[in-house]
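Results of the structural survey
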Amino acid sequence: MRRFYFVARGVAWRSVHNTIANPAILLPSLIFPLFFLAAFAGGLSRIADVPNFHYAPGYTAFQFAFVFLQSAAFGGVFTGFSIARDFDSGFARRLLVSAPQRSGIIAGYALGALGRWLITAVVITVAALIAGMDVLGGGIELVGLVGLGITMNLVAALWACGVAMFLRTEQAGALIQMPVFVVLFLAPVYVPLSLLTGWIHAVARYNPATVALEAARGLIAGSPVKLALAFVLLLAGAAIMSLFARRGLASAERAG
Amino acid sequence: MSSSGLTARAAGAGGPASIALATPSLVEQVGAIARRSVIRTFRQRALLVFPLVFPLILFAINGSSLTAARKIPGFPDVSYRDFALAVPFIQGALFVAITAGTDLARDIESGFFDRLALTPLRGSALLAGQLGGAVVVACVQSLVYLGVGIASGVGIASGFGGALVLLALSILIAFGFAGLGALLALRFGTGEAVQGFFPLLFVTVFLSSSSLPRNLIKADWFREVATYNPVSYLIEGIRSLIITGWDGQALALGFGFALALSAITLSLAGTAMKNRLVRT
Amino acid sequence: MSSSQPAIEVEQLVREFRKGPRAVDGIDLAVSPGEIYGFLGPNGAGKSTTVLMLTTLLPPTSGRASVGGFDIVRQGAQVRASIGAALQEAALDAILTGREHLMLQATLQGMPKADRARRAQELLERVGLTEAADRRVGGYSGGMKRRLDLALALVHRPRILFLDEPTTGLDLQSRSALWEEVARLAHDEGMTVFLTTQYLEEADALADRVGIIDHGKIVAEGTPTQLKEEIGSPTVEVVPADQSECDALVARLESFGTLARNGRGAVTVQLPGGESQLAEIVRALDQAHLKVASLQLHQPSLDDVFLAKTGRKLEGAGEAEDEQ
């Protein structure tokens, strides 16, 4: 257990340190969510005038929930890019050789993803509040919101970790990113589920990301909905992805 | 092949009779480079497939997700899918820009550019050839977007003629953006720098009338930005052919901005090429 | 260019970079037609900068040079038509095949369409790439890439060939094969070859004449033999089988030349008469019944030449400079 902890701590520290020390990595992870918030909340705010669009905190908060979870997911995705780069550069091999408890490497990358995302989460939350976002939920609800973000980040990081370890090349980037992107956007991003029609409604209805998104919006509105279900789904996702990541690690170990 | 300019006899004792070489014509030079550019793109499937698939995925998702936008008072009396079809053409043009730029940057980084510099190849021919290759790819992309759009039920209000004009406009836009990609490559010389600009270009598409008509954008600052953003007029030019028919003003602005983009980027890229292709 | 005119002539060529030292600091050299000229120096000495200037890819700051009888500044296009160049990077397109590279090069060099395919095939056969001709270059080994690089430089049958560190990173077999081809080009086809290298044995094996460059200046020039003879005679290192016989060994050898002893129990004697004295030494040791554990002849190397001229060894000199 000690060795697991030390390995995880070392990998996580490196991940966070490299992000903070390298503006080329830090800035995009901050700027993109801010940009999406501005573009969606600003450019599409008229959507809130559509009949039957009801969301008490307003459209900015409506979009903030999506951007919050999206930034959490993509925080995990970017960690996958880092892992892939480590394999391309040979650093991952060094880690595999020197880590006494290799599963700590996965934990370390996941913790690093979380650390990086927390920075982003603070920045976009402050930006949204400055932009006038209304938050009707209290402290407990906001803790719940952060909890959703953390578990979303964990699911995505473990997914990204698994893909990166299976493929072990920077060219895995698209494969890491696209499924996460598609899953997120096949949720009620712009309007509530009740206002979606056609095939997108059918898909969004069964999309686990929809549950997480609705839960997040409920927390901001001070009326939690489907919160337990959201956590169950996300934690189940994390369990499945941790197995996937473990299999990826085994594949990397076999490749040498 | 024209024999203008230099003629050199290349001798080689022990080989067959020497071959008289003349400077190849501009057309031949452009053709050789364009051919290489097209071969490279079609052999790297990811470069072809991703720019086709990603904008269409977004089109499918946004086209359905934003159906409710039709209910906004003042929204054009068309399906949101019809409204949204213009966007993939612009997104595709961005991918063309990045691919053209990254290809050229890779040549500079690898030294292949120097190899080309040692031949009689003119800088203008190299630039035109790279952009020519990009145009071929843009043609394929535009045909696919239009085909998928029509197959998904989008009606082209301006008819068959309008579809041809739409293709011409989208190819011109792609040409202009490819010039931008080439400019970035020649100016910075690395693929990383070119790709670093991609998010910025992507942002310009979002901060436009890509999602809603400009007059329906509620946030004042966003509407102002979209109004001054040339990408809005490129999108609106294409969109007018799909949802309106023949809108002279929209087409004039669309073609006007596309031509201006092409002229500016080509001019700057030409200067950058002269600075990069240093030979005595 | 007449046969008496140098194929390459350089006069006080200088290249300065902004905010940097002079990469090339006033060099003079002349290369005769059909000669292999080895330009030897450590990393950062100015070799590649010189090649870039002579191949018209970098304008000189001052000085003049002519290649193939054409001025490198005023007649750049004619220079490029006369030369082939394989520069430091193999500079190939990983997505194209070997044949496609040659066809592209032939097109850009202005070769008639009817001749391109034939010339490409001829060169592929010549450099031993016929089997790999239609495979993408991305799958080629380092040696194959260098061979293709050479073939591309020869497409338009230039009279002068520039090779910038052509065997760096290659295995021994690939290196030997490339040496053979370069030697053949010069000796059988009369091609002038300007070869830069940081490998002593390459300059020794290939070059008719060597110019040694350091910090942008030519510090020595001549045939490899001339340069080595300038530095000194060969030496023989003798290790006695029985260390107690060392004094006897010294007494026997001191008549041959200047002696030196080293801490490993060996005795070194310089041979002013050259390596032909080695047989005499062996006979002398035999007559004196002195048994030896080893006897080695050391020829002065180009490294010794570099050391004598600059105070530093050539091998590792570039890396040491970089570290500073």
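Reference entry: report on the structure contained in this document. (Residues numbered from 1 in each chain as written. Chains lettered and ligands numbered in written order. Predicted model: local features only at pLDDT ≥ 70, side-chain atom pairs only at ≥ 80, totals over all residues.)

**A short note on the overall build of chain A**
Of the regular secondary structure elements, chain A holds ten helices and zero strands. A compact globule built from 256 residues should have a C-alpha radius of gyration of about 18 Å, and chain A, at 19 Å, falls within 12% of that. With the principal axes as the frame, chain A shows a C-alpha extent of 60 × 35 × 35 Å. By the burial criterion, 50% of the 256 residues in chain A qualify as buried. Considering only contacts in chain A between residues 6 or more positions apart, those separated by 24 or more positions represent 81%. (Helix = DSSP H or I, 4+ residues; strand = E, 2+ residues; numbered from the N terminus. Rg over C-alpha atoms; globule rule 2.2 N^0.38 Å. Buried ≥ 20, exposed ≤ 12 C-beta atoms within 10 Å, placed from the backbone. Contact = placed C-beta atoms within 7 Å.)

**Structural notes on the arrangement of the chains**
The interface with the most contacts, out of two pairs of chains in contact, is the one formed by chains B and C. Without any contact between them, chain A and chain C keep their closest C-alpha atoms 16 Å apart.

**Considering the interface of chain B and chain C**
Contacts between the two partners involve 37 residues from chain B, matched on the other side by 36 residues from chain C. Counting residues per element, the ones that place at least two in the side of chain B that touches chain C are strand S2 (20–22), helix H1 (26–43) and helix H5 (112–117) of chain B. Sorting elements by how many residues they give to the side of chain B that touches chain C places H1(B) first, with seven residues. For the side of chain B that touches chain C, the per-class residue count stands at 19 nonpolar, eleven polar and seven charged. (Nonpolar A, V, L, I, M, F, W, Y, C, P; charged D, E, K, R; others polar.)

**Here we look at the sheet that holds strand S2 (residues 22–31) of chain C**
Residue and element names in this part refer to chain C. Spatially, S2-S1-S4-S5 is the arrangement adopted by the four strands of the open sheet, whose pairing is antiparallel. Looking at strand neighbours, the two that pair on one side only are S2 and strand S5 (70–71), the edges of this open sheet. Relative to S5, strand S4 (residues 62–67) runs antiparallel, the two sharing two bridges. If you follow Val-67 over to S5, its bridge partner there is Phe-70. (Pairing = 2+ DSSP bridges.)

**Quick notes on helix H9 (residues 198–206) of chain B**
Buried residues of H9(B): B:Leu201, B:Val205 and B:Phe206, and no others. Seen along its axis, H9(B) keeps its buried residues to an arc of 150°; they face one direction. Those residues of H9(B) hidden inside the fold are in contact with helix H2 (23–43) of chain A together with helix H4 (86–110) and helix H11 (230–244) of chain B. (Arc of directions from axis to C-beta.)

**A word on the sheet that holds strand S7 (residues 160–164) of chain C**
Residues and elements named next belong to chain C. Spatially, six strands are ordered S6-S7-S8-S3-S9-S10 in an open sheet, and the strand pairing comes out mixed. Strands at the two margins of the open sheet, each flanked by one partner only, are strand S6 (83–86) and strand S10 (217–222). Direction aside, neighbouring strands of the sheet carry axes that sit 15° apart on average. One ladder, built from four bridges, connects strand S3 (residues 36–40) with strand S9 (residues 209–214); its direction is parallel. (Axes fitted to C-alpha atoms, helices over the stretch in contact; angles between N-to-C directions.)

**Comments concerning the environment of A:Asp49**
Topologically, A:Asp49 is positioned in the loop between H2 and helix H3 (59–89). In this structure A:Asp49 comes out as partly exposed when scored by C-beta crowding, with 14 C-beta atoms within 10 Å.

**Comments concerning the interface of chain B and chain A**
In this assembly, 24 residues from chain B lie in contact with 26 residues from chain A. Among the elements that line the side of chain B that touches chain A, the one with the most residues is helix H2 (residues 45–65) of chain B, at six residues. When grouped by side-chain class, the residues that make up the side of chain B that touches chain A number 18 nonpolar, four polar and two charged.

**Looking at the pairing of strand S13 (residues 267–270) of chain C**
Residue and element names in this part refer to chain C. The two faces of S13 differ: Val-267 and Val-269 on one face are buried, but Thr-268 and Gln-270 on the other face are not. Of the pairings in the sheet, the one linking strand S12 (residues 259–261) to S13 comprises three bridges and is antiparallel in character. Paired with Leu-259 across the two strands is Val-269, which belongs to S13.

**Regarding the pairing of S10(C)**
All names here are of chain C. The sheet contact formed by S9 and S10 spans five bridges and is antiparallel. Within S10, the residue paired with Val-210 across the bridge is Gly-222. The loop that links S9 with its antiparallel partner S10 comprises two residues; one of these, His-215, has a positive phi angle of about 50°.

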